[in-house]
Every structure is written in structure tokens, then in C-alpha cells.
Amino acid sequence: MLKQKVAVITGANRGIGLATVEVFANNRATIWACARSQSDEFEKKLQEIANSNSTIIKPLYFDVTDQQAMKEAFRQIGKESKRIDILVNNAGMSVECLFNMTSMDMMRKAMEVNFLSQINMAQIVSRYMIKNKSGSIVNVASVAGMEAEEGGIAYGSSKASVLFATKTMSLELGKYGIRANCVSPGFIETDMWKNRKDDVRAKVLNETPLHRPGSSKEVAQTILFLASDMSSFITGQNIVVDGGRNKGR
Ligand SMILES: NC(=O)c1ccc[n+]([C@@H]2O[C@H](COP(=O)([O-])OP(=O)(O)OC[C@H]3O[C@@H](n4cnc5c(N)ncnc54)[C@H](OP(=O)(O)O)[C@@H]3O)[C@@H](O)[C@H]2O)c1
């Protein structure tokens, strides 16, 4: 599905990002797999995935909040590739804190990592896409950005901003053949959930019609749909991947 497409995926070393690398490689994309810091284990894993799918995957290292490092990384891409067809803005962090306890530093951090980094990445990548008059941007948001929950002021606001900004991107970039969409996961079994209390997990599962957490692969397959030409007339949309907890709102 992604043969001859070049994709950039952030947060590629674990969780939903790594699953997206695997699903994209299964579909023959050439991938720039972005992680915050160098790791031999990560590079070995990428090589294994590339070999078993006969495709090319290259690691790229930068913190998504470091604009200079991001620019450097894209200079490296630019030396080797004339095009970027797909951007998956996946890197993110969770912040859980009650409204009155949330410091401005926590707010700033959540906005920088989860929201501003996505804008920055999309601005850089869309310049490549504009030249080629095509491209697909998939921003990973969250159901937390759609429905308010206690303790969600920082994380939820950052993800609501992603949802809003994606609509703006779709409006302004459509004339260049560029689509921009969101995927909003619910409870997905990744490191992000490993420190959540049992009663929180139980409550969420109880409210979920499918009564189980989702897997990273299930989110990655939705990202694949939006990244590929299978969704060629879809832009400015948000697909919720939450086992039905959001009740289709
Ligand atoms: N899991 C869920 O239930 C769920 C639900 C809704 C939305 N999401 C969203 O899905 C996306 C992926 O989350 P996940 O569940 O796969 O979480 P995860 O396993 O915790 O992975 C987060 C990824 O983001 C990277 N990252 C965080 N801050 C970064 C920074 N400043 N610079 C570069 N990379 C950074 C991490 O890199 P390091 O390894 O270096 O930390 C890691 O690769 C996030 O945007 C998250 O908000 C997840």
C-alpha cells in the first residue's frame, strides 16, 4: 500500500510509533524512524524489520521540542531524499494532574511536546509536500482532547489543540494536494498506561463496549489507512480508536 512512499514517524522507538514502523514496513514504505536518543537496540530492531520486509528504514535522532535539532535532522533527510510523502506526528507524553495543582511549567511542557512539536514538524514536512503537490499528515491526538476528564487540563488541552490545528492544516494545505487528519486513541496498552492505578484501568474498561484495551497495532493500522491512498478523499477528519468508549461522539 505504501510502495515508493517515504514516511517520517516520530516516537518510533516504542509503543504506537514502533507499531506504525512495523505496519508501514509491511506495506513497503521507506521510513525515517525518529527517536529522541540513539540506541543500539532500536537500530537492531529497525534493521530486523527492514530485512524481513525488504525495505529501507533509517533512524534519526532528535528531541521534538528542540527546533534546531529538528532542522538538522531534516537537513539529513534532504540530502538523501527529494520527497516526503507521509508524516506521522506520534511522539507524545502523558500528564495527569488536577487543575489547581497544574503548574505553568507542566502546561508548557505538555503543549511543547504534544502540540507545538507537531506544528513544527508539519511546517517543515509540508514544504517538501508542497513541492510534490501531494502528501498525508497524520497527527496522533487522543480522546482526552475530545472529552474533559479530571486531571486532564494539560494533556487534554494539548491534544484538543492538535485536533483543532489539524483542521486548519487541512484547510490551508488542501490546495497543494496535502491531506491532514488525526487519529485519537483511547486506552491503548503501551508504557503510557503502565503506571495507571488498577481502579482507573477497571473504570475505563467497564465503560468500553469492547471491554479490553486496544493494541498499538490497531492504532497503527488506522494510521496506515489515513496515510495511504485508501483515504485519498479524506482530510480534516479525526478517527477515534477506543473500542467504542467515546460512543461515537
Ligand atoms: N497509549 C494510549 O492509551 C494513548 C491514548 C491516546 C493517545 N496516545 C498518544 O499516542 C502517542 C504515542 O503514545 P504511546 O502510547 O505509544 O506512548 P509511549 O509508549 O509512552 O511512547 C511515547 C513516544 O514518544 C516519544 N517522545 C516523548 N517525548 C519526546 C520528545 N520530547 N522528543 C522525542 N520523542 C519523544 C517517546 O520517546 P522516549 O522513548 O525517548 O521517551 C516514545 O517514543 C502519543 O502522542 C500519545 O499521546 C496514546
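Worth saying up front: this structure is predicted, and the values here are computed from it rather than measured.

Cut-offs used in this document
Residues numbered from 1 in each chain as written. Predicted model: local features only at pLDDT ≥ 70, side-chain atom pairs only at ≥ 80, totals over all residues. Heavy atoms only, no water. Helix = DSSP H or I, 4+ residues; strand = E, 2+ residues; numbered from the N terminus. Rg over C-alpha atoms; globule rule 2.2 N^0.38 Å. Buried < 20%, exposed > 50% of the residue type's maximum accessible area, 1.4 Å probe, protein only. Contact = heavy atoms within 4.5 Å. Areas by Shrake-Rupley, 256 points an atom, 1.4 Å probe, with all protein chains shown as cover. Lys, Arg positive; Asp, Glu negative; His and termini not counted. Charge placed at Lys NZ, Arg CZ, Asp CG, Glu CD. 1 Å grid on protein atoms, 1.4 Å probe; cavity = no way out; pocket = protein on both sides within 12 Å on 5 of 7 lines; lining within 4 Å. Points joined across faces, edges and corners; volume = space filled by probe spheres on them. Nonpolar A, V, L, I, M, F, W, Y, C, P; charged D, E, K, R; others polar. Core = buried A, V, L, I, M, F, W, Y, C linked by side-chain atoms within 4.5 Å. Near = heavy atom within 4 Å. Polar contact = N/O pair within 3.5 Å; in protein donor to acceptor, adjacent residues only side chain to side chain. Phe/Tyr/Trp six-rings, centres within 6.5 Å; stacked < 30°, edge-to-face > 60°. Lys NZ or Arg CZ within 6 Å of the ring centre and 35° of its normal. Axes fitted to C-alpha atoms, helices over the stretch in contact; angles between N-to-C directions. Parallel < 35°, antiparallel > 145°, perpendicular 65-115°, else oblique. Left-handed = near helix turned anticlockwise from the far one by under 90°.

Broken down by element type, the protein carries seven helices and seven strands. Secondary structure elements of the protein occur, N-terminal to C-terminal, as β-α-β-α-β-α-β-α-β-α-β-α-α-β. Rg of the C-alpha trace for the protein: 17 Å, near the compact-globule value of 18 Å for 249 residues, within the 12% margin. Overall size of the protein, expressed as C-alpha extent along the three principal axes, is 50 × 35 × 35 Å. Among the 249 residues that make up the protein, the fraction classed as buried is 49%. Long-range contacts, defined as pairs at least 24 residues apart, comprise 75% of the intrachain contacts of the protein with a sequence gap of at least 6. Total accessible area on the protein stands at roughly 12,800 Å², and carbon and sulfur atoms take up 52% of it. Taking the average place of the 32 positive charges on the side chains of the protein and the average place of its 25 negative ones, the gap between the two points comes to 7 Å.

The next subject is the layout of surface pockets. Taken as a whole, the second largest pocket holds about 160 Å³ of empty space. In terms of lining residues, the second largest pocket is bounded by Ile119, Ala122, Gln123, Ser126, Thr168, Met169, Glu172 and Leu173. Where the lining of the second largest pocket is concerned, the elements lending two or more residues are α4 (104-132) and α5 (153-173). Across the lining of the second largest pocket, the residue classes break down as four nonpolar, three polar and one charged.

Judged by nonpolar contacts, the single largest core of 33 residues is most densely connected at Val21, Phe24, Ile31, Ala33, Ile57 and Ile223. Among the secondary structure elements, those contributing two or more residues to this core are β1 (6-9), α1 (15-26), β2 (30-35), α2 (40-53), β4 (86-89), β5 (135-140) and α7 (216-227). In terms of residues, this core owes the most to one element, α1, which gives seven residues. Apart from the residues within four sequence positions on either side, alanine 33 is in contact with Ile9, Ala12, Val21, Phe42, Leu46, Ile57, Lys58, Pro59 and Leu60. Judged by nonpolar contacts, the second largest core, of 31 residues, contains Cys34, Ala165, Ala180 and Cys182.

Surrounding the ligand, one finds 26 residues, the nearest of these being Asn13, Arg14, Asn90, Tyr155 and Thr190. At 2.9 Å, a side-chain N or O of lysine 159 approaches an oxygen atom of the ligand. The protein chains hide 93% of the 900 Å² of surface that the ligand would expose on its own. Elements with a minimum of two residues in the shell around the ligand: α1 and α5. Counted by class, the shell around the ligand contains 13 nonpolar, eight polar and five charged residues.

Under the criterion given, the structure shown has one cavity of 30 Å³ or more. What lines the largest cavity is simply Val143, Gly186, Phe187, Val204, Thr208, Asp242 and Arg245. Residues that form the lining of the largest cavity fall into these classes: three nonpolar, two polar and two charged.

Now for the packing of aromatic side chains. Tallied over the entire structure, the rule returns two aromatic pairs. Where phenylalanine 42 meets tyrosine 61, the ring centres are 6.2 Å apart and the plane angle is 70°; that geometry is what we call edge-to-face. In this pair, phenylalanine 42 is assigned in helix α2 and tyrosine 61 in strand β3 (residues 57-61), connecting sequence segments 19 residues apart. Their ring planes at 20° and their centres at 3.8 Å tell us that phenylalanine 187 and tryptophan 193 sit as a pair that is stacked. The buried category is assigned to tryptophan 193, whose relative accessible area is 10%. Here arginine 196 stacks its cationic end above the ring of tryptophan 193, 4.5 Å away from the centre of that ring.

With that settled, the discussion passes to the packing of α1 against α2. α2 packs onto α1 with a crossing angle of 20° between their chain directions and a minimal axis gap of 9 Å. Here α1 is positioned roughly parallel relative to α2, judged by the angle of their axes. In the packing of α1 onto α2, the handedness of the crossing is right-handed. Side by side, α1 and α2 meet where Leu18, Val21, Glu22, Ala25 and Asn26 of the first sit next to Lys45, Leu46, Ile49 and Asn53 of the second.

This part takes up the packing of α1 against α7. Where α1 meets α7, the axes come as close as 8 Å, and the angle between the chain directions of the two elements is 55°. With respect to α7, the element α1 is oriented oblique. For the element pair α1 and α7, the recorded crossing hand is right-handed. Across the interface between the two elements, Gly15, Ile16, Ala19, Thr20, Val23 and Phe24 of α1 pack against Ser216, Lys217, Val219, Ala220, Gln221, Ile223, Leu224 and Ala227 of α7. Taken together, the residues of the contact of α1 with α7 break down into nine nonpolar, four polar and one charged.

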